[in-house]
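Structure assessment
So you can see what is in the structure, the chains are spelled out below.
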Amino acid sequence: GENVEQHPSTLSVQEGDSAVIKCTYSDSASNYFPWYKQELGKRPQLIIDIRSNVGEKKDQRIAVTLNKTAKHFSLHITETQPEDSAVYFCAASINFNKFYFGSGTKLNVKP
Amino acid sequence: SQTIHQWPATLVQPVGSPLSLECTVEGTSNPNLYWYRQAAGRGLQLLFYSVGIGQISSEVPQNLSASRPQDRQFILSSKKLLLSDSGFYLCAWRGGGSYNEQFFGPGTRLTVL
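Residues numbered from 1 in each chain as written. Chains lettered and ligands numbered in written order. Predicted model: local features only at pLDDT ≥ 70, side-chain atom pairs only at ≥ 80, totals over all residues. Heavy atoms only, no water.

**Notes on the overall build of chain A**
Secondary structure summary: chain A contains zero helices and 11 strands in total. When the helices and strands of chain A are placed in sequence order, the string is β-β-β-β-β-β-β-β-β-β-β. Computed over its C-alpha atoms, the radius of gyration of chain A comes to 13 Å, within 12% of the 13 Å expected for a compact globule of 111 residues. Projected onto the principal axes, the alpha-carbon positions of chain A cover approximately 40 × 30 × 20 Å. (Helix = DSSP H or I, 4+ residues; strand = E, 2+ residues; numbered from the N terminus. Rg over C-alpha atoms; globule rule 2.2 N^0.38 Å.)

**Considerations on the environment of R72 of chain B**
All names here are of chain B. Tracing the sequence through the fold places R72 in the loop between β7 (64-70) and β8 (73-78). Classification of R72 by relative accessible area gives partly exposed; the value is 40%. In this view, R72 contacts C23, T24, V25, G27, T28, P31 and L33; residues no more than four positions away in its chain are not counted. (Buried < 20%, exposed > 50% of the residue type's maximum accessible area, 1.4 Å probe, protein only. Contact = heavy atoms within 4.5 Å.)

**What about the side chain of T80 of chain A?**
Residue and element names in this part refer to chain A. Inspection of the secondary structure puts T80 in the loop between β8 (72-77) and β9 (86-93). Residue T80 is classed as buried on the basis of its relative accessible area, which comes to 1%. Engagement of the side chain of T80 in a polar contact is seen with the backbone oxygen of Q14, the distance being 3.3 Å. Among the polar contacts made by the side chain of T80, one reaches the main-chain carbonyl oxygen of D17 at a distance of 2.8 Å. When residues no more than four places from it in sequence are discounted, the contact partners of T80 are V13, Q14, E15, G16, D17, S18, A19, R61 and V109. (Polar contact = N/O pair within 3.5 Å; in protein donor to acceptor, adjacent residues only side chain to side chain.)

**Focus on the sheet that holds strand β6 (residues 56-59) of chain A**
Residues and elements named next belong to chain A. On the basis of which strands lie adjacent, the open sheet formed by five strands has the order β1-β3-β8-β7-β6 and antiparallel pairing. Two strands lie at the open edges of the sheet, namely β1 (4-7) and β6, each paired on one side alone. Each neighbouring strand pair of the sheet contributes to a mean axis angle of 15°, computed without reference to strand direction. Pairing analysis gives four bridges linking β1 to strand β3 (residues 19-25), with the strands arranged antiparallel. Its bridge partner being in β3, V4 is matched across the sheet by Y25. (Pairing = 2+ DSSP bridges. Axes fitted to C-alpha atoms, helices over the stretch in contact; angles between N-to-C directions.)

**Some thoughts on the environment of C23 of chain B**
All names here are of chain B. Assignment of secondary structure puts C23 in strand β3 (residues 19-26). Residues C23 and P69, spaced 46 residues apart in sequence, show a C-alpha to C-alpha distance of 11 Å. Ignoring anything within four residues of it in the chain, the contact list for C23 reads I4, H5, Q6, W35, R72, Q73, F74 and C91.

**Here we look at the pattern of salt bridges**
Taken as a whole, this structure holds seven salt bridges over all chains when the rule is applied. Residues K37 of chain A and E39 of chain A are paired through a salt bridge, measuring 3.7 Å at the closest nitrogen-oxygen approach. Note that E59 of chain B and K98 of chain A form a salt bridge whose closest N and O atoms lie 2.8 Å from each other. Of the two residues, E59 of chain B sits in the loop between β6 (55-58) and β7 while K98 of chain A sits in the loop between β9 and β10 (99-101), which places them in two different chains. The structure contains a network of salt bridges with shared partners spanning K37, E39 and K42 of chain A. (Salt bridge = Lys/Arg side-chain N within 4 Å of Asp/Glu carboxyl O.)

Encoded structure:
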């Protein structure tokens, strides 16, 4: 099956700085790449996603980039705020059926 | 609107005891349903996936099983729990069609002692 690797496992930034989280996937058939935010003790929630026919997508302070050739995609958060502190997961899916998740990145935004 | 329920919210079980976790979805029909396990400080591992009643796909060999007796009901079971079964179990659903977000339930925190 698909193998998704995510880095770094922890990331600490100063408020206002940018944060970048990177993921790679193994199956070139994967065509949908969502990102989830999980606050402590809560369920993961979708924050942004991208399909394989798009190279970049932006939603306010959050953006995702996809490089199909290299099979990697990244989450970019600009002007970070303390409320951005959480665990972030990337995932890959083939045709929106099964979803394979990365191991997560714990982001700490220091005020 | 659609909602997803899971119960119980927390569960403490002895090793070797049986397990039954239930997930139900409201406000949609024929959803894709998923069971994930999240070990402490780890990512989400896909356990089971279902596209319809009685149709279950198992992702990893284990002592867990899943059933879908009704369209919007997904059950995770075990006959004998192991210590390694401890974790946060999340049910999720996705609507049919080619582009639908996956929504997670509130989760069940299982501790096996």
